[in-house]
There are 2 protein chains.
Amino acid sequence: MTSTPDRVAIVGTGLIGTSIGLAAARVGCTVAGWDAEPSIARRASQIGGFRAAVSMDDAVSDADIVVVATPIPAIAGLVARVLESAPGAVVTDVGSVKSHVLADVTSAVPLADLRRYVPGHPMGGSERSGPEHASASIVDGIVWVVSPPHQADLTRIERLEGWIARIGAQVVRMDPGRHDRLVAFVSHLPQVASTALMDLAATEEADEPELLLLAAGGFRDLTRLASSNPALWSDILLSNREAIAEALDIYAARLQALRRQILEGDGVGVETTFERAKVARLRLATKATVRAGVAVLQVPVPDRPGALASLTAALGEGGVNIEDLQIVHSPEGGRGTVHLMVATDAAGSAATVLAANDFDPTRLA
Amino acid sequence: MTSTPDRVAIVGTGLIGTSIGLAAARVGCTVAGWDAEPSIARRASQIGGFRAAVSMDDAVSDADIVVVATPIPAIAGLVARVLESAPGAVVTDVGSVKSHVLADVTSAVPLADLRRYVPGHPMGGSERSGPEHASASIVDGIVWVVSPPHQADLTRIERLEGWIARIGAQVVRMDPGRHDRLVAFVSHLPQVASTALMDLAATEEADEPELLLLAAGGFRDLTRLASSNPALWSDILLSNREAIAEALDIYAARLQALRRQILEGDGVGVETTFERAKVARLRLATKATVRAGVAVLQVPVPDRPGALASLTAALGEGGVNIEDLQIVHSPEGGRGTVHLMVATDAAGSAATVLAANDFDPTRLA
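Residues numbered from 1 in each chain as written. Chains lettered and ligands numbered in written order. Predicted model: local features only at pLDDT ≥ 70, side-chain atom pairs only at ≥ 80, totals over all residues. Heavy atoms only, no water.

Broken down by element type, chain A carries 14 helices and 12 strands. For chain A, the residues scored as buried account for 60% of the 365 residues in total. Excluding contacts between residues fewer than 6 apart, the proportion of contacts in chain A whose partners are at least 24 apart in sequence is 71%. As displayed, chain A offers around 13,000 Å² of accessible surface, 52% of which is attributable to carbon and sulfur atoms. (Helix = DSSP H or I, 4+ residues; strand = E, 2+ residues; numbered from the N terminus. Buried < 20%, exposed > 50% of the residue type's maximum accessible area, 1.4 Å probe, protein only. Contact = heavy atoms within 4.5 Å. Areas by Shrake-Rupley, 256 points an atom, 1.4 Å probe, with all protein chains shown as cover.)

With that settled, consider unusual backbone geometry. The phi angle at Asp 358 of chain A is positive, at roughly 70 degrees, despite the residue not being glycine. Assignment of secondary structure puts Asp 358 of chain A in the loop between α14 (347-356) and β12 (362-363).

Moving on to the sheet that holds strand β2 (residues 30-34) of chain B. Residues and elements named next belong to chain B. Spatially, the five strands line up as an open sheet ordered β3-β2-β1-β4-β5, and their pairing is parallel. Single-partner strands in this sheet number two, and they are β3 (51-52) and β5 (90-93). In the packing of helix α1 (residues 15-26) onto the sheet, contacts are made with β1 (7-11), β2 and β4 (65-68), and the angle to β1 comes to roughly 170 degrees. (Pairing = 2+ DSSP bridges. Axes fitted to C-alpha atoms, helices over the stretch in contact; angles between N-to-C directions.)

Time to look at the packing of helix α5 (residues 99-108) of chain A against helix α8 (residues 176-207) of chain A. Residues and elements named next belong to chain A. Orientation of α5 relative to α8, taken along the N-to-C sense of each, is 150 degrees, at an axis distance of 9 Å. Regarding the angle of α5 to α8, the classification is roughly antiparallel. Between α5, through Ser 99, His 100 and Leu 102, and α8, the contact on the second element is made entirely by Pro 176, Gly 177 and Asp 180. Tallied by class, the residues present in the contact of α5 with α8 amount to two nonpolar, three polar and one charged. (Parallel < 35°, antiparallel > 145°, perpendicular 65-115°, else oblique. Nonpolar A, V, L, I, M, F, W, Y, C, P; charged D, E, K, R; others polar.)

All names here are of chain A. Strands sit in the order β3-β2-β1-β4-β5 across an open sheet of five strands; the sheet is parallel. Edge strands, defined here as strands with exactly one partner in the open sheet, are β3 (51-52) and β5 (90-93). Direction of pairing for strand β4 (residues 65-68) relative to β5: parallel, over a ladder of four bridges. Across the sheet, residue Ile 65 finds its bridge partner in β5, namely Val 90.

Turning our attention to the relation of the copies chain B and chain A. Take chain B, turn it by 180 degrees, move it 0.0 Å along the axis, and it overlays chain A with an RMSD of 0.1 Å. Put plainly, the chains are arranged around a two-fold axis. Most of the interface of chain B is mirrored in chain A, where 99% of its interface residues again form contacts. (Least-squares fit on C-alpha atoms with pLDDT ≥ 70 in both.)

Counting residues at the interface gives 130 residues for chain B and 129 residues for chain A. Here chain B meets chain A over a buried area of about 12,100 Å², counting both sides, of which 63% is carbon and sulfur. Viewed at the interface, chain A and chain B are joined by 18 salt bridges. In this structure, Glu 205 of chain A and Arg 283 of chain B form a salt bridge, with 3.3 Å as the shortest nitrogen-oxygen distance. Where chain B touches chain A, the interface holds 27 residue pairs in polar contact (both at pLDDT 80 or more). (Buried area = accessible area lost by both parts, 1.4 Å probe. Salt bridge = Lys/Arg side-chain N within 4 Å of Asp/Glu carboxyl O. Polar contact = N/O pair within 3.5 Å; in protein donor to acceptor, adjacent residues only side chain to side chain.)

Our focus in this paragraph is the nonpolar core. If you look at soluble globular proteins, the nonpolar side chains tend to sit buried side by side. By size, the foremost hydrophobic cluster in this structure holds 144 residues, and its most contacted members are Val 66 and Tyr 251 of chain A together with Val 66 and Tyr 251 of chain B. Excluding residues that lie within four positions of it along the chain, Tyr 251 of chain B makes contacts with Ala 193, Ala 196, Leu 197, Leu 200, Tyr 251 and Leu 255 of chain A together with Leu 189 and Ala 193 of chain B. Membership of the second largest hydrophobic core comes to 38 residues, among which are Val 299 of chain A together with Leu 308, Leu 311 and Ala 350 of chain B. (Core = buried A, V, L, I, M, F, W, Y, C linked by side-chain atoms within 4.5 Å.)

This brings us to the side chain of Ser 19 of chain A. Along the polypeptide, Ser 19 of chain A turns up in helix α1 (residues 15-26). Of the residues examined, Ser 19 of chain A reaches a relative accessible area of 1% and is grouped as buried.

All names here are of chain B. You can see Asp 345 is positioned in the loop between β11 (337-343) and α14 (347-356). Judged by its relative accessible area of 73%, Asp 345 is exposed. C-alpha separation for the pair Asp 345 and Ala 295, spaced 50 residues apart in sequence, amounts to 8.3 Å.

The next subject is helix α10 (residues 230-238) of chain B. Along α10 of chain B, the residues classified as buried are Pro 230, Trp 233, Ser 234, Ile 236, Leu 237 and Leu 238 of chain B. Backbone nitrogen of Ala 231 of chain B and a side-chain oxygen of the N-cap are separated by 3.0 Å at the start of α10 of chain B; the cap is Asn 229 of chain B.

For the rest of this paragraph, the subject is the pairing of strand β7 (residues 143-146) of chain A. All names here are of chain A. Side chains Val 143 and Val 145 of β7 all project onto a buried face; the interleaved residues Trp 144 and Val 146 project onto the opposite face, where all are buried too. The sheet contact formed by strand β6 (residues 120-122) and β7 spans three bridges and is antiparallel. By the bridge assignment, His 121 is partnered in β7 with Val 145. Relative to strand β8 (residues 170-173), β7 is paired through four bridges, and the arrangement is parallel. Across the sheet, the residue bridging to Val 143 is Gln 170, located in β8.

It is worth spelling out the pattern of salt bridges at this point. Residue and element names in this part refer to chain A. All chains considered together, the criterion is met by 44 salt bridges over all chains. Note that Arg 43 and Glu 132 form a salt bridge whose closest N and O atoms lie 2.5 Å from each other. Placement of the pair is Arg 43 in helix α2 (residues 38-48) and Glu 132 in the loop between β6 and β7, with a sequence separation of 89 residues. Its relative accessible area of 34% is what places Arg 43 among the partly exposed residues. With a relative accessible area of 39%, Glu 132 lands in the partly exposed category.

Moving on to the pairing of β5 of chain B. Along β5 of chain B, one buried face is formed by Val 90 and Thr 92 of chain B and the opposite face, lined by Val 91 and Asp 93 of chain B, is buried too. The handedness of the β4 of chain B to β5 of chain B crossover, carried by helix α4 (residues 72-85) of chain B, is right-handed. (Right-handed = clockwise from strand over helix to strand, strands pointing away.)

Below, the discussion takes up α8 of chain A. All names here are of chain A. With 32 residues, α8 should reach 46 Å at 1.5 Å per residue; the first-to-last C-alpha distance of 45 Å fits that figure. Counted residue by residue, α8 has 26 buried out of 32 residues, so it is predominantly covered. Between the side-chain oxygen of the N-cap and the backbone nitrogen of Gly 177 there are 3.0 Å, and the N-cap of α8 in question is Asp 175. (Expected span 1.5 Å × (residues − 1).)

The next thing to look at is the confidence of the model for chain A. All names here are of chain A. Across chain A, pLDDT averages 87, with 89% of residues at or above 70. Low confidence marks residues 329-335, where pLDDT is under 50. Its contacts with residues over four positions away, or in another chain, come to 39 contacts. Both scores are available for the predicted complex, with the pTM at 0.78 and the ipTM at 0.78. (pLDDT = per-residue confidence, 0-100.)

For the rest of this paragraph, the subject is the packing of aromatic side chains. Residue and element names in this part refer to chain A. Taken as a whole and assessed by the stated rule, the structure comprises two aromatic pairs over all chains. Summarising the aromatic geometry, the rings of Trp 144 and Trp 163 are spaced 6.4 Å apart at their centres and angled 75 degrees between planes, so their arrangement reads as edge-to-face. Here Trp 144, found in strand β7, pairs with Trp 163, found in helix α7 (residues 154-166); they are 19 residues apart in sequence, far enough to count as distant. Like Trp 144, the residue Trp 163 is buried in the burial classification. (Phe/Tyr/Trp six-rings, centres within 6.5 Å; stacked < 30°, edge-to-face > 60°.)

All names here are of chain A. Of note, Ser 137 is situated in the loop between β6 and β7. For Ser 137, a relative accessible area of 8% gives the class buried. Along the primary structure Ser 137 and Gly 168 are separated by 31 residues, whereas in three dimensions their C-alpha atoms are 8.6 Å apart. Looking at Ser 137, its side chain comes within polar contact range of the side chain of Ser 135, at 2.7 Å.

With that out of the way, let us pick up the side chain of Thr 312 of chain A. Tracing the sequence through the fold places Thr 312 of chain A in helix α13 (residues 307-317). Setting aside residues up to four positions removed in sequence, Thr 312 of chain A forms contacts with Ile 322 and Leu 325 of chain A together with Leu 308, Ala 309 and Thr 312 of chain B.

Listed below in structure tokens is the structure:
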């Protein structure tokens, strides 16, 4: 690792690119940004406090690290251009799918350049877009997958990983095929399952106008992802089609098995499956999955006006930052319990503050 | 409708039964409660402030309205007993499935009694159980489906509906078969889809220990329901098997159609489906579905410590009660936006209070 500050170039200064630029700038990196749309680069540079480059070459030519942060269809072409224009840089990208992009890059660049290409996937973001909504905190504590091809140079891989850790994320290295198979299960399949359910309900609603009147918290949870960006998701899904088809086949088989148990009245079978899933879900809830250093407190919300306000106010006054807060819905909606995520070293004081304010927190993780 | 206060009996004083008892007591009804487990009835009577009956007969004999609030397998038998013991009462239940229970009751009681049985399904609850967690607010504003059989007496139906509205819920009348078909789509199918996804991921995790490290907000949303009570759900699903099997078949066909489009690289097809689902989901988000008289405000949560605390505190100080609060997750987790539900007549002051505290609320509904 170099001891001088890194020179970082961001190619594509939307929400993710600008957020990464902000996270890099706060640890002392010199950041230049470029976007195919000059007005976006200008707005990003004002928000991100970095230099708006006049051309892609201008942005990347003397960079140590270049982050290509564009939608999937543009990544391979830009990576190839950047590898040529920035002979000294480690080049990465932030695409949600890795193998497909890597294949395109591999066929387009000489081996010597490929050794400097270390693809990545920060597992964070926001449903919003554009540099206006960027924030360095989008990078904080997230899992950032690094998926180097076998041709990549180990020194360059470690250089990039050191930098990712320095700007605040948690590096997980895995080969591109494995990354794509895993995200097919935990990201792409849920997206397809959610969209299909919402689309189905919308069709049924045409015949049954009261259908969604009966849709409570559970349905809302299941279909939240269905409001995601269609064009973005079409690109992602088509870039990982075999892995997604396989995940969908396994999912269809599980649904079919449950269907059979239900139709045959196999209560023991249904209950066994539900019990297994429940155990796994509770394990997930009590696990700091995405964010390292975060504790989870379960807090029942009593039935009095302003209970949630007094919960969050008490924590604010007690100097405890809320990392995330989730109202846990019951199977059919209604009142519930709050899952509160705070930094691990603040968990003790959070519990104390809550107890002093008549809450009854239980630490889950 | 009677002008004297109703005499209400609750048979099964768990969370739902006791909550209904509390809601009835607060509008002046005389309430008696009975439970097959005497210790539960005693605790419930202390919490609900109602009389703990010494026997089921004692609870129901002079009641105007009897609510059977037990798990599904016990409902039909108890309804038949209550109809016999309470000759003057309208008898209802709160089961999640209607046709199956009704068939059992129909075969067990004389027609004259059946005219007084008006099944119902309050679409609310909590993931907790037991009278300790009961609250009258569980009834507030929820949709309460009333599903009378064709033999039911109109006067009795209207009597029950008037009482439900009086204790705070919103009556939606539909026949039992239609109720069961609709909840198969919006409640039972989501439950099965969520459980199958979690179960599948748990199996894959055995081979891929890092799988759930990559699971962000979307996966968490989709699998939240999977932590529901297995025995309860087994009873529900097996009592509505044909409607659920049909919903699962339609869902499987949708998933299969998307799988084909993805595998064939039909980007236009995928995007069209996603666009349609997105429009439907946004329509759902902006619709006061379950709770009448509730407005939805969308509020971006800025990147500063205590932002959520200051949001809820500001509303508390401004005298605005938060009905529900949802952190809207992005497709891959990360920061988001808060959806805030407040009473319709408080929406204006909520927006004013938030704007005065540097938030930028948008009213969605």
